[in-house]
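# Summary of structural features
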Amino acid sequence: MRVVALIFMVLAFLVGGGCAGLLKVNIDSRTEGLDYSLLEKIQKEIDDLKKEGVDITKIEDPQIKENLEILEKAPAKWKVSSAGIVGMVLSLLAFVMVIFAFMKKELVTKLSLLVAGLAILLWIITPDIEAGTFSGANPKSIATIALVGLLVASGCAFMSYKLYLKKSQAIS
C-alpha cells in the first residue's frame, strides 16, 4: 500500500511542482508591459479627484474612464512579485518532501503539512489575469492545478510515512 502512495505522490508532485515552479514565468510574461509607476501616477490622479469631492463614476471624461479600466485590470504589485517566489519555494519544499518520504523520515509529516498550507496560500495570492488570444493559461488556473497536485502529493507523503509506521509496529 505504501508503494501505491509513493507512486501517486511522485506523479502528483511532477504535475503540481511543475505548475508551481512555472507560475513565475507565466505571470512575468503576462505583466511584461505593465508599468507600475504609471499605475501609481494614475491612482494618485484619481485620489486627487476624490479629495476634491468629484464622483468618479459619473465623470464622462474618456481619459478618466480608461484610467479606471487600466487600474481595475492590473493585478496588485505585491501579488505579481510574491506569487512567483512562493511558487518556486513551494516546488523546492515539495521536492524535499518527496525525498524525505522515500527516506522514511518523520520530518515528512511536517513538510507535507507545510507544503499543503503553502499550496493553499499560493492559490489565494495568485493574480487572476485575463487570458488573451495567444497568451496561454491563466495564472489562477495554473495555481489551481498546482494546488490539487501538491495537496495529493502531500497527502500521499503523509500517508506513506503513517503506513510505514503501521507496518513497522505490526512487525515488532
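A brief structural summary. Values in this document were obtained by computation on a predicted structure and should not be read as measured data.

## Here's the deal with the state of the cysteines
Overall, the coordinates contain zero disulfides when judged by the stated rule. The cysteine Cys 19 is free of any disulfide, with Cys 156 supplying the nearest cysteine sulfur at 17 Å. Here Cys 156 falls in the buried class, since its relative accessible area comes to 14%.

## A closer look at a negative patch on the surface
Taken together, the side chains of Glu 45, Asp 47, Asp 48 and Glu 52 present a region of like negative charge at the surface. Note that Glu 52 resides in the loop between α2 (36-51) and α3 (62-73). What makes Glu 52 exposed here is its relative accessible area of 60%.

## Details of the layout of surface pockets
Approximately 250 Å³ is the volume attributed to the largest pocket. Taken together, Arg 30, Thr 31, Glu 32, Gly 33, Leu 34, Lys 73, Ala 74, Pro 75, Asp 128, Ile 129 and Glu 130 make up the lining of the largest pocket. Looking at the lining of the largest pocket residue by residue, the classes come out as four nonpolar, two polar and five charged.

## Here's the deal with the pattern of salt bridges
Scanning the model with the defined rule gives one salt bridge in all. A salt bridge links Asp 28 to Lys 24, with the shortest nitrogen-to-oxygen separation between them at 3.3 Å. A residue pair is termed a helical-turn pair when its members lie 3 or 4 positions apart in one helix, as Asp 28 and Lys 24 do in helix α1 (residues 2-30) at four residues. The partly exposed category is assigned to Asp 28, whose relative accessible area is 34%.

## A few points about helix α5 (residues 107-125)
Between its terminal C-alpha atoms α5 stretches 27 Å, which fits the 27 Å expected from 19 residues at 1.5 Å a residue. Listed in full, the buried residues belonging to α5 are Val 108, Thr 109, Leu 111, Ser 112, Val 115, Ala 116, Leu 118, Ala 119, Leu 122 and Ile 125. In the core, the buried residues of α5 are packed alongside α1, α4 (77-103) and α6 (139-171).

## Side note on the packing of aromatic side chains
We describe a pair of aromatic rings using the distance from one ring centre to the other and the angle between the two ring planes. A full pass over the atoms with the stated rule returns two aromatic pairs. A ring pair is formed by Phe 13 and Phe 95, whose centres lie 6.0 Å apart and whose planes are at 35°; its orientation type is tilted. Of the two residues, Phe 13 is situated in helix α1 and Phe 95 in helix α4; the sequence distance between them amounts to 82 residues. Residue classification places Phe 13 among the buried residues on the basis of a relative accessible area of 13%. A residue is classified by how much of its surface remains accessible, and Phe 95, at 42% relative accessible area, is partly exposed.

## Focus on α4
With 27 residues, α4 extends 40 Å between its outermost C-alpha atoms, agreeing within 8% with the 39 Å of an ideal straight helix rising 1.5 Å per residue. Those residues of α4 not exposed but buried are Val 80, Ser 82, Ala 83, Gly 84, Val 86, Gly 87, Leu 90, Ser 91, Ala 94, Met 97, Val 98 and Ala 101. The inward-facing, buried residues of α4 contact α1, α2, α5 and α6. Trailing α4 by a residue or two, Lys 104 shows a phi angle of about 60°, which is positive.

Cut-off values and rules
- Residues numbered from 1 in each chain as written.
- Predicted model: local features only at pLDDT ≥ 70, side-chain atom pairs only at ≥ 80, totals over all residues.
- Heavy atoms only, no water.
- Disulfide = S-S within 2.5 Å.
- Buried < 20%, exposed > 50% of the residue type's maximum accessible area, 1.4 Å probe, protein only.
- Patch = residues over 30% accessible without salt bridge, like charges linked within 9 Å, V, L, I, M, F, W, Y side chains within 5 Å.
- Areas by Shrake-Rupley, 256 points an atom, 1.4 Å probe, with all protein chains shown as cover.
- Salt bridge = Lys/Arg side-chain N within 4 Å of Asp/Glu carboxyl O.
- Lys, Arg positive; Asp, Glu negative; His and termini not counted.
- Charge placed at Lys NZ, Arg CZ, Asp CG, Glu CD.
- Helix = DSSP H or I, 4+ residues; strand = E, 2+ residues; numbered from the N terminus.
- 1 Å grid on protein atoms, 1.4 Å probe; cavity = no way out; pocket = protein on both sides within 12 Å on 5 of 7 lines; lining within 4 Å.
- Points joined across faces, edges and corners; volume = space filled by probe spheres on them.
- Nonpolar A, V, L, I, M, F, W, Y, C, P; charged D, E, K, R; others polar.
- Expected span 1.5 Å × (residues − 1).
- Contact = heavy atoms within 4.5 Å.
- Phe/Tyr/Trp six-rings, centres within 6.5 Å; stacked < 30°, edge-to-face > 60°.

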